[in-house]
Amino acid sequence: MIPPGEKIVETKICPIMGTEFHVTDKEIEFYDSVSPVINGKKYVFPPPTLCFEARQQRQMSWSNELYLYKNTCALTGKQIVSEYAPENPRPVWGFRDWFSDTYDPLKYGREVDLSKSILEQLYELEKTVPHPNVATDLMNENSDYTHQAWHEKNCYLMFHTSFAEDCYYWYWVKKAKSCVDCYYCHDSEFCYECTDIKGCSNLSWCQSCQNSRESQFLHDCIWCDHCFLCHGLRNKQYCIMNEQLTPEAYNQRMAQLDLQTASQVYDIQSRLARFIQKYPQRENRNIMTEGAYGNYLYQVKEVYHSYDCSDAEECRYCTQLQLGSKFCYDMYQFGVNIDHCYECSQTGHNISNCAFCYSMVENCFNMLYCLNCFSSKNCFACYGLKKHQYCILNKQYTKEEYFNLLEKCIQKMQEDGEWGEFHPASKSHIPYNDSMAQIWFPITQKKAEERGLTWKDESQRNKELEGEHHIPLPISQYDESIVGYETANTNITACISGMIKCQKTGRAFTIIKQELLFYLQNKIPLPTHHPDERRQRRKALRDSRYMYNRTCAQCGCDIATPYSPERPEKVVCEECYRKLVY
């Protein structure tokens, strides 16, 4: 879709995807506006050479948000948990040592050789500089087994989260407490196996819900409580399968339910999926938007071809930006108060005028082609800087020296065709199949090798854990008030000390004690699938990141929707949907 009032100035064929894509006059204006001016001369960023999907794939190939490995700190020799597997040649330090004064990134600085590729010199530097074992901050407490996680307390296997407490097995969580196995969740507590929820409490097996509580198996419900197996409700209480009941009748029917085992839960989930198909579906998941094109957009204005973004304005080709993003193009995560940034990945917390950077976590300004930097400004082609400025390849310069050399470096990149391109996936510090690119753009090992991408040996990741296998029992068998102290204690010990075999993949996984206590307190059956499999199932519930042009099945108006025309769902526009649910 071309936004209203814009003109196509160039049409290209993506060399990766083989698809046609357009460049508009407004996009040309944006690239010009964020291009750096050095010694009075503007070095303009050229239009993209890849389509949006291929650009996303390239950005995501640098981001591991799902896997952790046992490794050894190159500084202390201690065992650590790391996003880098032991066979990765890069030196890895524990993040607390990396943030300390012990680490001096300028120690690894080197002179620029203008006869060689600038980016190749950056990647040679990157391989020698210590890497923090995980992306996190010093505010985390008792949350060693987390990554891309900030301000966490008592959390385990949490990825891309902020301000969470007593949570386990999550992805993309903001401000949550005492939740397990959730995916894309904000401002919620005591929730289990939920996807895309906001402002909720005590929900289980729910999706696309807001401000709801004390309910199970809901889909697209807002301001609901004490509801079960419902879809599309607004401001309702005591409903089962969208049928209004009295509190007494609701409680009587709920008392007859038996959710002791995972198989019983799966049966109800299947019922919910069939129940949803009976009703018209919303054209998309956008809420409170103006001039928007994309999906899962919340409180945005003039945001196009973007997904999973909130509180954003004048952004385009962005995914998963949150809490204040303005005038940004081609950004992958996470966007807390960022502006005038272009083609960056994992960028947020007060970032401005940065381009072609990865992991600019906080307080970075005027950075070009830099990796994993903090609180720095006016730097180029550097790795791991902290509170630095006027650096190139981690070498310190005066202000005048910096800008004079920067001009020469950019001119060299223009000659080599590197200027205006994000870091290639083939140079990523992690294997392709450890990255988010494999989640959203899966390819085979053969295809990866043909493209020069690194690949993680899957047999090593799927290696069996050691220990006795434990077959999950009905949750009541771990409750001493039901089976007595001795039996419950025996079962609990066997559970947390043993391995559970995934029913689908055969991979072994463990249950930690805090997790088991959560299941007991909430009468939730033990999981029978590996955490990776559970995450994939939750992702499969969400809409794709591709929009189709259709017409509303109710009024016939044009709509943009993730439901392809071949799918059987009856899809209606937002106005018609509101009339149906309110």
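Residues numbered from 1 in each chain as written. Predicted model: local features only at pLDDT ≥ 70, side-chain atom pairs only at ≥ 80, totals over all residues. Heavy atoms only, no water.

Draft legend 1. Looking closely at the overall build of the protein. Secondary structure assignment for the protein yields 15 helices and 36 strands. Compactness check: the protein gives a C-alpha radius of gyration of 25 Å against a globular reference of 25 Å for 582 residues, within 12% of the reference. Along the three orthogonal principal directions, the C-alpha set of the protein runs to about 80 × 65 × 40 Å. In the protein, buried positions account for 57% of the 582 residues. Carbon and sulfur atoms make up 49% of the accessible area of the protein, which amounts to about 24,900 Å² in all. (Helix = DSSP H or I, 4+ residues; strand = E, 2+ residues; numbered from the N terminus. Rg over C-alpha atoms; globule rule 2.2 N^0.38 Å. Buried < 20%, exposed > 50% of the residue type's maximum accessible area, 1.4 Å probe, protein only. Areas by Shrake-Rupley, 256 points an atom, 1.4 Å probe, with all protein chains shown as cover.)

Draft legend 2. Local environment of the nonpolar core. Counting 58 residues, the largest nonpolar core has Phe45, Tyr342, Phe380 and Ile392 as the members making the most contacts within it. Considering every element that reaches this core, the biggest residue donor is helix H7 (residues 399–416), with seven residues. Once residues within four sequence positions are removed from consideration, Phe380 is found in contact with Ile118, Leu368, Tyr369, Cys370, Cys391, Ile392, Leu393, Tyr402, Leu406, Cys409 and Met413. By size, the runner-up hydrophobic cluster in this structure holds 34 residues, among which are Tyr250, Ile492, Cys502 and Leu526. (Core = buried A, V, L, I, M, F, W, Y, C linked by side-chain atoms within 4.5 Å. Contact = heavy atoms within 4.5 Å.)

Draft legend 3. Quick look at the packing of aromatic side chains. What the rule picks out here adds up to 41 aromatic pairs. Plain terms: the ring middles of Phe52 and Tyr307 are 6.5 Å apart, the flat faces sit at 10° to each other, and that makes the pair stacked. Here Tyr307 lies in strand E21 (residues 287–316) and Phe52 lies in helix H2 (residues 52–60), a separation of 255 residues in the sequence. On the basis of relative accessible area, Phe52 is assigned to the buried category, the value being 8%. Here the aromatic residues Phe30, Tyr31, Phe45, Phe52, Tyr307, Tyr317, Tyr329, Tyr342, Phe356, Tyr369, Phe380 and Trp419 are joined through ring pairs into a cluster of three or more. Just above the ring of Tyr266 sits the side chain of Arg537; from NZ or CZ to the centre is 4.6 Å. The ring of Tyr296 carries the charged tip of Arg542 above its face, separated from the ring centre by 4.0 Å. (Phe/Tyr/Trp six-rings, centres within 6.5 Å; stacked < 30°, edge-to-face > 60°. Lys NZ or Arg CZ within 6 Å of the ring centre and 35° of its normal.)

Draft legend 4. Structural detail: unusual backbone geometry. At the junction of Gln333 and Phe334, the peptide bond is cis and its omega measures out at -15° in the coordinates. Along the chain, Phe334 falls in strand E22 (residues 325–334). Not every positive phi belongs to a glycine, and Leu229 is a case in point at roughly 55°. With respect to the helices and strands, Leu229 occurs in strand E17 (residues 225–231). Note on Leu229: relative accessible area 0%, which makes it buried.

Draft legend 5. Representation of the side chain of His147 within the structure. In this structure, His147 sits in strand E9 (residues 146–153). Those residues within four positions of His147 in sequence are excluded, and the remaining contacts are Asn64, Glu65, Leu68, Glu83, Val134, Ala135, Met158, Phe159 and His160.

Draft legend 6. How the structure looks around the packing of helix H12 (residues 485–497) against helix H13 (residues 513–522). Contact geometry for H12 and H13: axes closest at 10 Å, N-to-C directions at 130°. By the angle between their axes, H12 is oblique relative to H13. The way H12 lies across H13 gives a crossing that is right-handed. Facing Ile492, Cys495 and Ile496 of H12, the residues of H13 in contact are Lys513, Leu516 and Leu520. In terms of residue class, the contact of H12 with H13 is made up of five nonpolar, no polar and one charged. (Axes fitted to C-alpha atoms, helices over the stretch in contact; angles between N-to-C directions. Parallel < 35°, antiparallel > 145°, perpendicular 65-115°, else oblique. Left-handed = near helix turned anticlockwise from the far one by under 90°. Nonpolar A, V, L, I, M, F, W, Y, C, P; charged D, E, K, R; others polar.)

Draft legend 7. Expanded view of the pattern of salt bridges. Considering all chains together, one arrives at 30 salt bridges under this definition. Salt-bridge contacts for Glu6 lead to Arg316; the nearest nitrogen and oxygen are separated by 2.7 Å. In this pair, Glu6 is assigned in the segment before strand E1 (8–13) and Arg316 in strand E21, connecting sequence segments 310 residues apart. The exposure class of Glu6 is buried, given its relative accessible area of 15%. Classification of Arg316 by relative accessible area gives buried; the value is 2%. Among the salt bridges present, the one from Arg578 reaches Glu574, with a minimum N-O distance of 3.4 Å. Remark: Glu574 and Arg578 occur in helix H15 (residues 574–581); sequence separation between them is four residues, near one turn of the helix. Classification of Glu574 as partly exposed rests on a relative accessible area of 23%. Three or more residues joined by partner-sharing salt bridges are found here, namely Asp220, Arg234, Arg282, Glu574 and Arg578. (Salt bridge = Lys/Arg side-chain N within 4 Å of Asp/Glu carboxyl O.)

Draft legend 8. Layout of the environment of Ile2. Relative to the helices and strands, Ile2 is located in the segment before E1. Ile2 sits in the partly exposed class, given a relative accessible area of 31%. Taking the C-alpha atoms as reference, Ile2 lies 48 Å from Ser100; in sequence the two are 98 residues apart. Apart from the residues lying within four places of it in its own chain, the contact partners of Ile2 are Ile8, His22 and Thr24.

Draft legend 9. Geometry of the pairing of strand E30 (residues 389–392). Pairing analysis gives three bridges linking strand E29 (residues 377–380) to E30, with the strands arranged parallel. Along E30, the bridge assignment pairs Lys377 with Gln389. As paired elements, E30 and strand E31 (residues 395–396) share two bridges and run antiparallel to each other. When the bridges of E31 are listed, Cys391 appears paired with Gln396. Where E30 folds back onto E31 in an antiparallel hairpin, the turn is made up of two residues, including Leu393, whose phi is positive at roughly 50°. (Pairing = 2+ DSSP bridges.)

Draft legend 10. Main features of the environment of Phe228. Tracing the backbone through its elements, the reader meets Phe228 in strand E17. The exposure class assigned to Phe228 is buried, which follows from its relative accessible area of 3%. As a C-alpha pair, Phe228 and Thr454 span 226 residues in sequence and 46 Å in three-dimensional space. Residues in contact with Phe228, not counting those within four places in the same chain, are Gln216, Phe217, Leu218, Cys239, Ile240, Met241, Tyr250, Met254, Leu257 and Ile268.

Draft legend 11. Region of interest: the pairing of strand E18 (residues 237–240). In this sheet, E18 lies alongside E17 in parallel orientation, the contact comprising three bridges. Counterpart to Cys227 in the pairing with E18 is Cys239. With antiparallel pairing between neighbouring strands as the criterion, E18 and strand E19 (residues 243–244) make up a hairpin whose turn holds two residues, including Met241 at a positive phi of roughly 50°.

Draft legend 12. Spatial organisation of H7. With 18 residues, H7 extends 26 Å from end C-alpha to end C-alpha; this agrees with the ideal 26 Å at 1.5 Å per step. In this structure, the buried residues of H7 make contact with strand E3 (37–38), strand E4 (41–42), helix H4 (118–126), E29 and E30. Positive backbone phi, approximately 75°, marks Gly417, located one or two places after H7. (Expected span 1.5 Å × (residues − 1).)

Draft legend 13. Expanded view of helix H1 (residues 25–34). For H1, every residue scored as buried is listed here: Glu27, Phe30, Tyr31 and Val34. Taken down its axis, H1 places every buried residue within 95° of arc, on the same side. (Arc of directions from axis to C-beta.)

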